[in-house]
Every structure is written in C-alpha cells, then in structure tokens.
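# Fold and contact review
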Amino acid sequence: MVTLYVDDLAVSVEKGSTILDAARKLGIYIPTLCYHPDLTTFGGCRVCMVEANGKLVTACRAPVEEGMVVRTDSSAARQVQRTVVELTLSNHNGDCLTCVKDSRCKLQEVANYVGITPERMAMLRSAVPEVEVDESNPFFKLDRTRCILCGICVRTCQEINGVAAIDFGFRGHKTTVVTIGNKGLAESRCESCGECLERCPTGALARKDYEQPSREVKSVCPYCGVGCGIYLGVRGDRVVSVRGDKDSPVNSGQLCVKGRFGYHFINHPDRLTAPLIKRDGVFVEASWDEALDLVAARFLETAKHYGPDALAGISSARCTTEENYLFQKLLRFLGTNNIDHCARL
Amino acid sequence: MAGLATVLGSGAMTNTIGEIEDAGAIFVIGSNTTENHPVIGYRVRKAVRKGAKLIVADPRRIPLTEICDAYLPLKPGTDVALLNAMTHVILREGLEDREFIANRTEGLEEMRRAVEKYTPEYAAAITGVPANDIVRAARLYAGADSAAILYTMGVTQHTSGTENVLSLANLALVTGNLGKPHAGLNPLRGQNNVQGACDMGALPVVFTGYQPVANDEVRAKFVKAWGVELSGVPGLTITEMFQAAADKKVRAMYIMGENPILTDPDANHIYECLESLDFLVVEDIFLTETAQVADVVLPAATFAEKDGTFVNTERRVQRVRQAIKPRGQSEPDWQIIQELARRCGFEWQYESSRQIMEEISFLTPSYAGITFERLEAGGLQWPCPSADHPGTPVLHVGKFSRGLGKFSAVEYRLSAEQPDEEFPFLLTTGRSLYQYHTGTMTMKTDGLNRFHEEELMEINPADAKVLGLCTDDTVNVTSRRGLVRSKIKLTERVQPGVVFMTFHFAETAANLLTNSEVCHIAKTPELKVCAVRIEKA
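Residues numbered from 1 in each chain as written. Chains lettered and ligands numbered in written order. Predicted model: local features only at pLDDT ≥ 70, side-chain atom pairs only at ≥ 80, totals over all residues.

## Things to note about the overall build of chain A
Of the regular secondary structure elements, chain A holds nine helices and 16 strands. The C-alpha atoms of chain A give a radius of gyration of 28 Å, which is well past the 20 Å a tight globule of 345 residues would have. A principal-axis box enclosing the C-alpha atoms of chain A has dimensions of 95 × 50 × 35 Å. Per-residue burial for chain A yields a buried fraction of 48% across its 345 residues. Within chain A, contacts between residues at least 6 apart in sequence are counted, and of these 54% link residues at least 24 apart. (Helix = DSSP H or I, 4+ residues; strand = E, 2+ residues; numbered from the N terminus. Rg over C-alpha atoms; globule rule 2.2 N^0.38 Å. Buried ≥ 20, exposed ≤ 12 C-beta atoms within 10 Å, placed from the backbone. Contact = placed C-beta atoms within 7 Å.)

## Examining the pairing of strand β5 (residues 147-151) of chain B
All names here are of chain B. Among the five residues of β5, five are classified as buried, and the element is accordingly described as predominantly covered. Side-chain alternation along β5 places A147, I149 and Y151 on one buried face and A148 and L150 on a second face that is also buried. In the sheet, strand β1 (residues 25-29) pairs with β5 via five bridges, with the strands oriented parallel. Across the sheet, the residue bridging to F27 is I149, located in β5. (Pairing = 2+ DSSP bridges.)

## Some words on the environment of L26 of chain A
Residues and elements named next belong to chain A. Inspection of the secondary structure puts L26 in helix α1 (residues 19-26). Placed 235 residues apart in sequence, L26 and F261 show a C-alpha to C-alpha distance of 38 Å. Residues in contact with L26, not counting those within four places in the same chain, are V6, L9 and V11.

## With respect to the domain arrangement of chain A
Structurally, chain A comprises domain 1 (2-123), domain 2 (129-207), domain 3 (215-261) and domain 4 (276-344). Here domain 1 of chain A and domain 3 of chain A have C-alpha centroids that lie 32 Å from each other. (Domains from an automatic or database assignment.)

## Topic: the pairing of strand β7 (residues 166-169) of chain A
All names here are of chain A. Pairing between β7 and strand β8 (residues 176-179): four bridges, direction antiparallel. Across the sheet, the residue bridging to D167 is V178, located in β8. Hairpin connection from β7 to β8: six residues lie between these consecutive antiparallel strands, with F170 at a positive phi of about 60°.

## Quick word on the interface of chain B and chain A
Contacts between the two partners involve 117 residues from chain B and, on the opposite side, 93 residues from chain A. Element by element, the count of residues in the side of chain B that touches chain A is highest for helix α16 (residues 333-343) of chain B, at eight residues. Of the residues in the side of chain B that touches chain A, the class split is 63 nonpolar, 31 polar and 23 charged. Summarising the sheet, strand β15 (residues 311-314) of chain A and strand β7 (residues 252-256) of chain B pair through four bridges and their orientation is parallel. Within β7 of chain B, the position partnered with A312 of chain A by the bridge is M253 of chain B. (Nonpolar A, V, L, I, M, F, W, Y, C, P; charged D, E, K, R; others polar.)

## Overview of the sheet that holds strand β3 (residues 49-52) of chain A
All names here are of chain A. Spatially, five strands are ordered β2-β1-β5-β3-β4 in an open sheet, and the strand pairing comes out mixed. Strands at the two margins of the open sheet, each flanked by one partner only, are β2 (9-13) and β4 (55-58). Direction aside, neighbouring strands of the sheet carry axes that sit 35° apart on average. Running over the sheet, α1 touches β1 (2-6), β2, β3, β4 and β5 (69-71) and is turned about 120° from β2. (Axes fitted to C-alpha atoms, helices over the stretch in contact; angles between N-to-C directions.)

## Looking at the environment of L274 of chain B
Residue and element names in this part refer to chain B. Relative to the helices and strands, L274 is located in helix α15 (residues 267-275). Separated by 13 residues in sequence, L274 and I261 place their C-alpha atoms 9.0 Å apart. The residues touching L274, leaving out its near neighbours within four places in the chain, are A245, L280 and V293.

## Observations regarding the nonpolar core
Within the largest apolar cluster, 258 residues are counted, with the highest numbers of intra-cluster contacts made by I26, I55 and Y141 of chain B. Apart from the residues within four sequence positions on either side, I26 of chain B is in contact with I20, V44, A47, A52, L54, A148 and L150 of chain B. (Core = buried A, V, L, I, M, F, W, Y, C linked by C-beta atoms within 7 Å.)

## Re the environment of E51 of chain A
Residues and elements named next belong to chain A. By the secondary structure assignment, E51 is in strand β3. Residue class for E51 comes out partly exposed when judged on the 19 C-beta atoms lying within 10 Å of it. Counting along the chain gives 26 residues from E51 to A77, while the straight-line C-alpha distance between them is 6.1 Å.

Structure, rendered in structure tokens:
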C-alpha cells in the first residue's frame, strides 16, 4: 500500500493506483471527460490535471507515490482545467435543451465545476462547424458538433465489442471520429451493439427514438442462450428501453444489437390478444373458457380413442423453466412421453 | 448433448462464460460466435487481445477468422476427419497430457488405433484443409495451458452430429482440458432457455434433471410426488412426431412457442404432417406460420409480462421478472397450461412460478438448492444440490459425472447427401446478427430489418461466374425436397461449391430445402448439409 495526501487528506491505496483512484477513495471530485472505468486510460482530455509534488499531471494516469502531496485545486491546476473546458466548449453545439443528454451530460457537469464566464466564452466562441449528422444507423446518430474527442467510443469499440469499427481520423482541428473509409456507420463494420452510446459523455452518440423510462425492472434478455442481464425500461404500460445490467456476471452490462434494440415485439400491434378458434377455415375470436374447453375435450377424446401416445407436445426454449416443467408434466399426466422442443434445431 | 452425456456423464457447457477471456487457446468450431452469441464473441476477441491463440474451423470465413491464428476451412460435414487428425498429431508429437489420461480417462488405446490412419494428409484430402494447417492448429490447441472449445449447431446438426461431439471430446480429454478453468467443452446454446427446457425434461426420454423415464426407481419417485400413473415408454422426438402425424399415429398436437414450419428441416413435409393432424393447438405471442395451421390458437404473454427463470448456456438459472401486464387477454404460458390441466381433470393449484420452482427443486437433485429467494441475489449454476451449495461454475473438477472420462473410437462418415451432377452445390444454413430464428420477434423492430430485410444467399464469385450470376440476381435454389427463390450476394466468405442461407425469412424458407435425415443417436437433423442446384431465375 502507498500513502499519499490529496488536498491535505491522507489516503492509502494499492501500489499502481492512480491519483484519480486515490481522490475517488476519499470522495474528492476531480473533473474528467475521457476517463471511463471500463476502459484503458487515455489521458487525452487533460481536464483531470492536478498538481502532484509541485508538478502538473493527469490524475487519471499518474501513478501514486509514497508521501506524494496532491493539490486538486491549486491555481495552476484550476487554470489548466478551465482552459481545457473552454476550448472544448468553443466549438461545441450549444443547443443543450434539444440534446438527449441534457442534464446527464458530462461536459455540462465539468463546465459547471470549473466555472465558465460568459465574457471568456464570448471571446473564445467560434462558429459551430457545419458537419452533417451521421443518421445512417437506424438506432442511433453520430452528431460530431457535440463530440468532444474524448475517444471513449473508439476505446469502447476496440476494448468492449472488439470489432474496432471507428477510430480518430484526420488531423489537428479537423480530427474527428470516423469509420474505416469515412463511410456512414450503417455501411461500416459497426455491429450496432450500442456500447458506445452507453458510454458517450455527451450527446454526440445518442439514441434516435429515446424515451426516458419512468421505472426499470431487472430481467434476462430473451434472445440467445448467453442470458445477458438486462433492465427493462418501462413507461406507462410500454417497454421503452433495454440496458445491460452491470452487475451481471454474464455480460457485465454489455449487450448486442438484438438485446438492446430488438424489444419492439413486446408492444407490437400484431400481438395475439384473444384466443382464436378456426371455424370453416377462418379464425374467430373466442373466450378463454370456450377455447380451453375445446382443447381439453379434444385431447381427452384423442387419448381415449387412440391411446395417450396419439398425443404429442412441443415445448418451448423461449418460455420459462417453470412453464417447461408444467408442459412436460401435463403431457405426462395425460399418459405420454411424446414431449420435445427445438434443442436440436 | 447425447454425445457429451456419453463420454462425460452430462451434456452442457462445462465451463463459464467469464472464463473465456483468460483461456490460453480457444478452438471455435461450427459457431459463428460474434453473430449468434455476440456477447460471448466480445469475450473471444478480448481473449485474443490478451494473447490467447484462436483456432477457427468453419466452412465459411466468419468474422472471427479475421483475428485467428489458424483458420481451418473444412468442407461441410467433414468434422470427424479434421478432429481425428488433430488428435492424431497430438499423440504422434507427444503433446498429450499423460498424467490426466492416466488418472482420469479410459479407452485411450482403442481411440489411438482409430485415429491412426487420420494423418494430416489423409484428413486434408477429405476436409480440404491443408495438412500443415491441421498440424499447426493441433499444436496451438495442445500447447496452451488451458484451451477452451466453443461449438454450436455447426457441429451437431449433422447425421454424424454425435460423432462430431465425441471426437471433440477426445481432443479435450487427450490434452487434459476438462475439469479446470478457462478450458472445457462448451456447446453454446442458441436460445434463451433451451437449457432450461432440457433441464425440465421437455424431452421424450427424461424427467427433470435428466432422470430417465425408463428407470423404475425414478418413475416411482414421480408417481409418488404427482399422484398419477406414468408411462415408462420413451416418447417421440420432434422429427419422429411429425412423421407419426403423417402416419396418423399422432392425432393431436400441442405446440407452445415454436414455429417448426420455418425452423425444422423439409418444411413442405412438416406442413403436410401438421395438416394431417386431427387437432392442433398452438400457443404463441404472434400468429406465426405454424399458428396459422392450427385449429385453436392461444395468446401467450411475452417474457416482459411474467415471472419465472431462464437457464443460460453456462447452466446459470436466472430470474425473469414481470415488467408490464400481459397484452389484451394474453396470459403467461404457465397459467394457460394450468388452466388446461384443470379442464383435463387434474387438480393443479400453482399460484406463482416461485411455487412451481419449489416442486422442481424437490424432484430434481441438480436443482435441489435453487429457490427464488436465493436467485434474488443473482443466478445459480447447477448442479446446486443443497440450500447452502454455491453452484458449480466448472463441471468435472477432480471427477467426471460418469467417473472416468471415456475416449471414443470414431470414424468419419459421409454426410447423408453429397453433391452430384443434378445437385452440385452444398447448402449450409445459419443465422445473422440482425435477425433471430424465424424473425417472429426481431422483424417487429424496423431498425433490425433495415440491416437484414431479405435473404441474400451467399455464393462464391468463382461459382457465380460459371453460372453467369451477378450480385442481386435472383436464383432458384432446388433440393430433392423443395425450391426457394432467393437473391444472391457474391462473397469469398463461402468456399467454391458451398452456398449459405439463413432460415429467418418465410419468403425464402431455407428449410424447404434442408434434409430431415437425422443423427442416429441424438436425432438432430442434418440442417448444415444438403445438396442443391442453383439456376438463374
């Protein structure tokens, strides 16, 4: 363990920890933009500058040393932090009210912390560049006027999904996040997993049809056999979002395109909403009593006339464990082991 | 499943998803992991970034081949030859784990004799994979401290499906890659709760927890608990059921949440079988292709509208929770089944899924310690035999369920259908990242359809040239069982002589073409190989 002092408070942390780790352990806020706990550190935004033993360092990367004296709010650190944020804001789209990240935006949070004056902003503010929003992906858009080049999306694509569909392109003030060959996201290698928008600190990468849920329910994804932990976002009586459960040992919060975006079947108007009985080749709505009485009568009749093995049931790998249990129990109660499901398909 | 159960004593993923990223080597065979199990795909890519060696065996150049150390582009259906040759190399070069073999296995000599003739050169002639690459793959796999095998239907959906699994098991056993972390033999299951359905005995030969219906002691236990007489005669598998329907032996059928007209082989045949039933009831969330053939359709609730559990591919039982109320008059399947049971004269009184799980735990040794209370804190991996048992992340530690791990002497056999003059191409099938199975769920999300809205059969440019075909042309794909019209996509992803289709789309139902010939042991149909003819439409 290494002991150091952050703003005069002593703290002991594991060797190899960063100043940011030590500060967070003490509950001391250091502004960050490009730092994300799931990813390797980048140290690119410079907003976490602090003074350590009299030198300016990035807190997210600088390793702790025994007896180190850190000042998070020295005048030098404050000045750098403010300048960095001002420069970031100077060409940032200022239309916050229509941004889906409004009030959950990391840039707003950091700007608030460092204190931005209207006078300074007016001096620095240049025109927001006219860059077309990449709307090619059906689920989310990339609005580069809201991008702060923190690289979190780039690292997410490399380190979480691994497909590495995006990277920084061009140079200097033209630097931007691009796909290979600078094509639209939908035409690129992007797998639309949406992990980048989960981590984007601003509204640069954002859901297109986002609706904030009014409550969330913990569950499990209904698609493949991986069994990712999810939270279903509910608004009224509709499911409006899915996000990964970070505490799940299966997926640590990660999802794929189907799991994250493929929930519209739940609220779909084509859902079956009443029992149907086919009469003269046409389905007619029926009551539950009518439908179930008919099914029971036909099953019992068939078993009586032809023996129970004239019945067969196909259970479902989509249904719950408990439902599968009851399904096989019913068929076996009726006297047959003719039960299977799609395990082989 | 049957294969794994034979050699190890139980059929399920032996290890845990979280272990994959620290494996020394990963052998992916017959699994397009990044498209079909994307989050496991992320783990595989991470493992490679951390230094794992990746071996991929697949007839198609799937995305994982871009980052692999060895790619084995085998001809569809030649898995046994490839795997036997890898085992041959390992034994020839002395790369086997002698201590593990001596202490934990039986039958090595018989297996050694069987693989003797499978030299890399012999296998190369059958599989089309260069002999050098087979040798390299064997060395990479055997050279790692821990090596994990990941496989799916590309291995099992063959008439030799069980043999394929047995020869994979040989590979894991001979290198001691079982019963330890970051290793194992891992079938990745394709559906959210296919593991749970198997565990619950939604199978013709077993009750819950794989307790055989033919075993008198087991049956006596269930007779006592349920209070009814039970049949000890093994039932029919899906494929057999359909044939029995056509033969008028099965007269009434109950299908819950499945769409066999699109998922099962030889769709025309399935349709005819269902039509010949006296009575068909289908319970589903949408009016699927199969539901349209039914006499009665029962509206079910989705996963978001009920409580219960799903069991994932690593045997983890996890809680599913109700978020909203069922749509219209739809109801959770367990309530529908119970109502039906009551009308059949059985006095069932379950008030919740929780109560059903209590009965499951009571009757199922591997689930004995699983309760909804414990699941609130997180999932539990079976076997979980008692209330204080923490669950089992890695199977077969110290001892196999059957005692010793058994080597199998397995011979390569030709697939049921081979290309010939009339049907010169091999069709193989699978799923894509953006659609799921028959699309009942995914096609309700417009964005997913934007990425994949119609079938584009994959064909190698060299074959296309010979046939005079260009991208987006429409072709007639004909097999001995049916005909499908599909647009095509020219891609090197498939090898010459092989074409690939998904089975997502009703308009281009690939399973009109596929062969219902089954593996003689596991009864899995040979969906991955059938002979077809391609003609410009």
